[in-house]
Amino acid sequence: MHTLFASLPLVAAVLAVPQFLPQLARVRRAGTMAGVSWSWAALTSVNNAAWLGYFALSGFWTALVPAISATVLSGLLAVEVARRGSGMPKRPMVLTSVWAVVLLTAGVAFGRAGLGSALAVAFLLQVTPSVWTVYRSRDTAGVSRGTWLLIFGELLCWGVFGIHEADPRLIVLGATGVIASLLVLARVSWPRADRPPVTHLVEAP
């Protein structure tokens with residue numbers, strides 16, 4: 001049983017490395033970003049950069065590769081969404097920058113514990129724009145089920161591993177990720193039939 005739990009970070013890593021490739025491919029292939037939040041992509045990049053520090057300080061070396069992958073690919077997704085939309089939304093961009101400073105300050109001032117506590121809140125902030133956008137959008141053609149299925153699998157692994165390790169930060173991360181993934185997948189699977197589709201959704205500046 002110990003071997004099973006010990007393998008969960010590796011499974012999470014396998015699921016996380018290609019996580020944003022389906023979403024990038026979906027946006028480019030469909031030619032639409034409908035239902036995709038720029039804030040989600042940008043915050044995912046910032047938060048995963050911070051998770052790199054947390055995982056390194058915690059000795060979770062297998063988690064470094066997926067954290068790097070998520071940082072780079074979600075950053076590319078944010079650029080792609082901005083390029084296909086009306087550029088980077090000003091208010092979300094400012095808030096994302098402020099959050100990056102908060103994470104950096106928490107890590108420098110309070111070390112692993114402070115950074116981990118901030119990151120426990122970070123994922124909730126990260127996925128909220130995505131859930132909000134996908135439920136506001138009349139059209140979800142730009143949202144990739146593949147990406148959200150991979151997110152679901154990865155965060156489920158981290159949640160179970162967090163329970164095994166009695167790590168409250170990983171437990172919160174896992175629970176938040178599973179709930180958010182299920183909400184997005186539910187919205188994409190059952191589109192609103194009472195509203196005509198639109199080609200994109202632009203976040204408020």
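No experiment lies behind these values; they were computed from the predicted model shown.

**Topic: the pattern of salt bridges**
Moving on, step 1. In the structure shown here, the tally under the stated rule is 4 salt bridges.
Moving on, step 2. The shortest N-O distance in the salt bridge between Glu80 and Arg84 comes to 2.9 Å. Residue Glu80 and its partner Arg84 are both found in helix H5 (residues 64–84); the two are separated by 4 residues, about one turn of the helix.
Moving on, step 3. Residue Arg112 is joined to Asp167 by a salt bridge in which the shortest nitrogen-to-oxygen separation is 4.0 Å. With a gap of 55 residues between them, Arg112 in helix H6 (residues 90–136) and Asp167 in the loop between helix H7 (145–165) and helix H8 (168–189) connect regions that are remote in the sequence.
Moving on, step 4. Take Arg112: its relative accessible area is 33%, and that puts it in the partly exposed class.
Moving on, step 5. Within the structure, one salt-bridge network assembled from shared partners comprises Arg28, Glu80, Arg83 and Arg84.

**Concerning the environment of Trp99**
Moving on, step 1. Tracing the chain through its elements places Trp99 in helix H6.
Moving on, step 2. Residues Trp99 and Gly159, 60 residues apart in the sequence, show an inter-C-alpha distance of 24 Å.

**Concerning the packing of H7 against H8**
Moving on, step 1. Running from N to C, H7 and H8 point in directions that differ by 155 degrees, and their axes come no closer than 7 Å. Here H7 is positioned roughly antiparallel relative to H8, judged by the angle of their axes. Crossing angle aside, the handedness with which H7 passes H8 is left-handed.
Moving on, step 2. Residue composition of the contact of H7 with H8, by class: 18 nonpolar, 6 polar and 1 charged.

**With respect to the packing of aromatic side chains**
Moving on, step 1. Under the definition given, this model contains 7 aromatic pairs.
Moving on, step 2. Ring centres of Trp51 and Tyr54 lie 5.2 Å apart, and the angle between their planes is 85 degrees; this geometry places the pair in the edge-to-face category. Here Tyr54 and Trp51 lie together in helix H4 (residues 38–58), a separation of 3 residues that amounts to about one turn. No difference in accessibility class separates Trp51 from Tyr54, as the two residues are buried.
Moving on, step 3. A ring pair is formed by Trp158 and Phe161, whose centres lie 5.8 Å apart and whose planes are at 75 degrees; its orientation type is edge-to-face. One end of the pair is Trp158 and the other is Phe161, both in helix H7 and 3 residues apart, which spans about a single turn. You'll find Trp158 and Phe161 in the same group, each marked buried.
Moving on, step 4. Three or more aromatic residues link up through ring pairs in this structure, and these residues are Trp51, Tyr54, Phe55, Trp158 and Phe161.

Conventions we followed
Residues numbered from 1 in each chain as written. Predicted model: local features only at pLDDT ≥ 70, side-chain atom pairs only at ≥ 80, totals over all residues. Heavy atoms only, no water. Salt bridge = Lys/Arg side-chain N within 4 Å of Asp/Glu carboxyl O. Helix = DSSP H or I, 4+ residues; strand = E, 2+ residues; numbered from the N terminus. Buried < 20%, exposed > 50% of the residue type's maximum accessible area, 1.4 Å probe, protein only. Axes fitted to C-alpha atoms, helices over the stretch in contact; angles between N-to-C directions. Parallel < 35°, antiparallel > 145°, perpendicular 65-115°, else oblique. Left-handed = near helix turned anticlockwise from the far one by under 90°. Nonpolar A, V, L, I, M, F, W, Y, C, P; charged D, E, K, R; others polar. Phe/Tyr/Trp six-rings, centres within 6.5 Å; stacked < 30°, edge-to-face > 60°.

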